[in-house]
Amino acid sequence: MRRRLAMWTASHLMRPLPGPGEVHVWCLFPEDITGEDTALWKTYKELLSPSEKTHIAQCSSNPKLQTEKLLARTLVRTTLARYASGIVAPSSLRFTKNEFGKPNVIWPVKRLDKWRPPSLCFNLTHTQSLLMCAVTQKAEVGIDVEERERKFTRDLMALARRQLSPEEADWLSQFTDPNEQRCQFIQLWTLKEAYVKALGKGISKAPLKEFTFTFNASSPTVLRNLKQAVTIPISLSRAVENSDDAWQFLLLQPSACHYASICTQILPSSTFEQGSLQLEGWSDHNNLRVQIWRTVPLVRDEALEGAVALALSDPLSS
Amino acid sequence: MGSIVISTCSWFKVKVYVYHVLCAKFFNVSFVLGDIGLRLSYCGADAETFQVVSAVIAEQLAIDVNDVRAESKFTDLGADSLDTVEIMMALEEKFDIQLDEDNAEQIVTVQHAADLIQDVVTAKKA
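Residues numbered from 1 in each chain as written. Chains lettered and ligands numbered in written order. Predicted model: local features only at pLDDT ≥ 70, side-chain atom pairs only at ≥ 80, totals over all residues. Heavy atoms only, no water.

For chain B, an unreviewed UniProt entry supplies the name Acyl carrier protein and the organism Sphagnum jensenii. Check the Function (unreviewed entry) section of the UniProt entry for chain B; it says "Carrier of the growing fatty acid chain in fatty acid biosynthesis." (UniProt positions renumbered as here; feature names shortened; annotations may be inferred.)

Under an unreviewed UniProt entry, the name given to chain A is holo-[acyl-carrier-protein] synthase, and the organism recorded is Sphagnum jensenii.

Participant: Could you clarify how one ought to interpret the packing of aromatic side chains in this entry?
Facilitator: Aromatic ring pairs: the centre-centre distance and the angle between the two ring planes describe each pair. Residues and elements named next belong to chain A. Inspection of every chain in the model, using the stated rule, returns ten aromatic pairs over all chains. Taking the centre distance of 6.0 Å and the plane angle of 75° together, the rings of phenylalanine 95 and phenylalanine 122 count as edge-to-face. Here phenylalanine 95, found in strand E2 (residues 94-97), pairs with phenylalanine 122, found in strand E4 (residues 120-126); they are 27 residues apart in sequence, far enough to count as distant. The exposure class assigned to phenylalanine 122 is buried, which follows from its relative accessible area of 5%. Ring pairs connect the aromatic residues Tyr195, Phe213, Trp247 and Phe249, which therefore count as one cluster. The side chain of arginine 73 reaches across the aromatic face of phenylalanine 95, ending 4.8 Å from its centre. (Phe/Tyr/Trp six-rings, centres within 6.5 Å; stacked < 30°, edge-to-face > 60°. Helix = DSSP H or I, 4+ residues; strand = E, 2+ residues; numbered from the N terminus. Buried < 20%, exposed > 50% of the residue type's maximum accessible area, 1.4 Å probe, protein only. Lys NZ or Arg CZ within 6 Å of the ring centre and 35° of its normal.)

Participant: How should the sheet that holds strand E12 (residues 289-296) of chain A be read in this particular structure?
Facilitator: All names here are of chain A. The strand order across the open sheet formed by five strands is E4-E5-E1-E12-E13, and the pairing between neighbours is mixed. The sheet is open, and its two borders are formed by E4 and strand E13 (300-303), each paired with just one other strand. Sheet twist, expressed as the mean angle between neighbouring strand axes with direction ignored, is 25°. Here E12 runs beside E13; their pairing, made up of four bridges, is antiparallel. In the sheet register, valine 296 faces E13, and the bridge partner there is arginine 300. (Pairing = 2+ DSSP bridges. Axes fitted to C-alpha atoms, helices over the stretch in contact; angles between N-to-C directions.)

Participant: Got a minute to help me understand the UniProt feature "domain: Carrier" (unreviewed entry) in chain B in this structure?
Facilitator: Following the UniProt record, one finds the feature "domain: Carrier" (unreviewed entry) at residues 47-121 of chain B. What you have in residues 47-121 of chain B is 64% helix and 0% strand, and the ends, taken at the C-alpha atoms, are 14 Å apart.

Participant: What is the right way to read the environment of valine 65 of chain B from this model?
Facilitator: Residue and element names in this part refer to chain B. For valine 65, the position within the fold is in the loop between helix H1 (47-61) and helix H2 (81-95). A relative accessible area of 39% means that valine 65 is categorised as partly exposed. The spacing of valine 65 and serine 54 is eleven residues in sequence and 6.4 Å in space, taken between C-alpha atoms. Other than its neighbours up to four places away in sequence, valine 65 contacts Ser54, Ala55 and Ala58. (Contact = heavy atoms within 4.5 Å.)

Participant: Would you take a moment to explain helix H3 (residues 50-59) of chain A for this structure?
Facilitator: Along an α-helix, residues three or four positions apart point the same way, because every turn accommodates 3.6 residues. Residues and elements named next belong to chain A. For H3, every residue scored as buried is listed here: Glu52, Ile56 and Cys59. Across the axial projection of H3, the buried residues extend over an arc of 85°, all falling on one side. Residues Pro50, Ser51, Ala57 and Gln58 are exposed on H3 and point more than 90 degrees away from its buried face. As for H3, its buried residues are in contact with helix H4 (63-82) and E2. (Arc of directions from axis to C-beta.)

Participant: I'm lost on the packing of helix H6 (residues 166-173) of chain A against helix H7 (residues 178-199) of chain A in this one. Help?
Facilitator: The axes of two packed helices give the description: the angle between them and the distance between them. Residue and element names in this part refer to chain A. Between H6 and H7, the least distance of the axes is 10 Å, while the angle of their chain directions is 160°. One finds that H6 runs roughly antiparallel with respect to H7. Regarding H6 and H7, the two cross each other, and that crossing is right-handed. Facing Glu168, Trp171, Leu172 and Ser173 of H6, the residues of H7 in contact are Gln181, Gln184, Phe185, Leu188 and Lys192. Taken together, the residues that form the contact of H6 with H7 break down as four nonpolar, three polar and two charged. (Parallel < 35°, antiparallel > 145°, perpendicular 65-115°, else oblique. Left-handed = near helix turned anticlockwise from the far one by under 90°. Nonpolar A, V, L, I, M, F, W, Y, C, P; charged D, E, K, R; others polar.)

Participant: Looking at this structure, how should I read unusual backbone geometry?
Facilitator: Peptide bonds are trans in most cases, and residues, glycine excluded, mostly fall at negative phi. Residue and element names in this part refer to chain A. One non-glycine residue with positive phi stands out, namely serine 85, at about 55°. Of the residues examined, serine 85 reaches a relative accessible area of 45% and is grouped as partly exposed. Positive phi values are uncommon outside glycine, yet lysine 138 reaches one of about 70°. Structurally, lysine 138 is set in the loop between strand E5 (131-137) and strand E6 (141-147).

Here is the structure:
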């Protein structure tokens, strides 16, 4: 118990809050945790609430799925607790959902001397091989990750016609190489999902077919490093409820095997702190800053090596 | 033609099918109310439909079909949003039906999916 306490109060685990216009992204690769580290797995399980434990045990007997769910809850709990200056234990957080299923955190401690719980927005996404948690201060955020080699059981263009906007489907149909077409579809999908998740109002208020992402037509190549990030214009053919909000999108490859998109709200008045930027070659335009870590919760954090930004939007009104 | 679910108690559903009301024009007004069919079904969808739906879901998610229970939510079974769409498309193909997008979005559990499929299949046959 003392060791665990020491683990999460250790100073390297306490993070300054994301500044205005900043997104913190915490990546957990299950391959970083070995099966033999039974003490660590046990510690993770003990972070969970009774209802979370029951839920994981009941919903599926598939061990991989159970592991994924356990790690998802571990990641979100430990991530949020990082920003509480050691005052709050990961296990003491409670979570609720809004009417559309968007999760929210309830801090167990409302005040301690001068400390107040931070106004954090967060969003979680996961596949079996990578879990990501994005955190901002006050700005709504959405994140979605997909495996690059994801297998599709349905015909891709049929899926595209059904789920993407007509313009996006047309654009996708131009790609003749099935591999490239699949990659582009996945990228588009993560962008759309990140947006819907950031809005937090469910699919019905932001149907996927009713907004369009377009990549700059003069840059058809998929892989680019950040210095040549492509603009992603987003047009909405129908006004979504938060029509006076501005949103920014980042499409990236957190690893060679994954695509992810982050969507964040741009708040009106921003003052910028001097922050260090983890993405190599990040340029300061568009007032979006992202810090990405590779973490083994309660054990270590390191800068995420090899992440590549593919596309970045200009701050646009939705 | 539509179906109206009167009670959504999970173990017992009464569905009253109200068929077309046809009225002849002019003077010869005759109402053909058609049949008001009363159908009692435990758990909504019949067992066979449920089995086929479960099998499709299990195949799509590459999981054991025994893990697919009536009350299982798609997300609980490991489905992400793309999986859910592919499942819907697979079910449409299997049952040779079209699923309305609005209805499809209401689906949370396997039972919901099976019930919706059953409704659409039955509506198609009639």
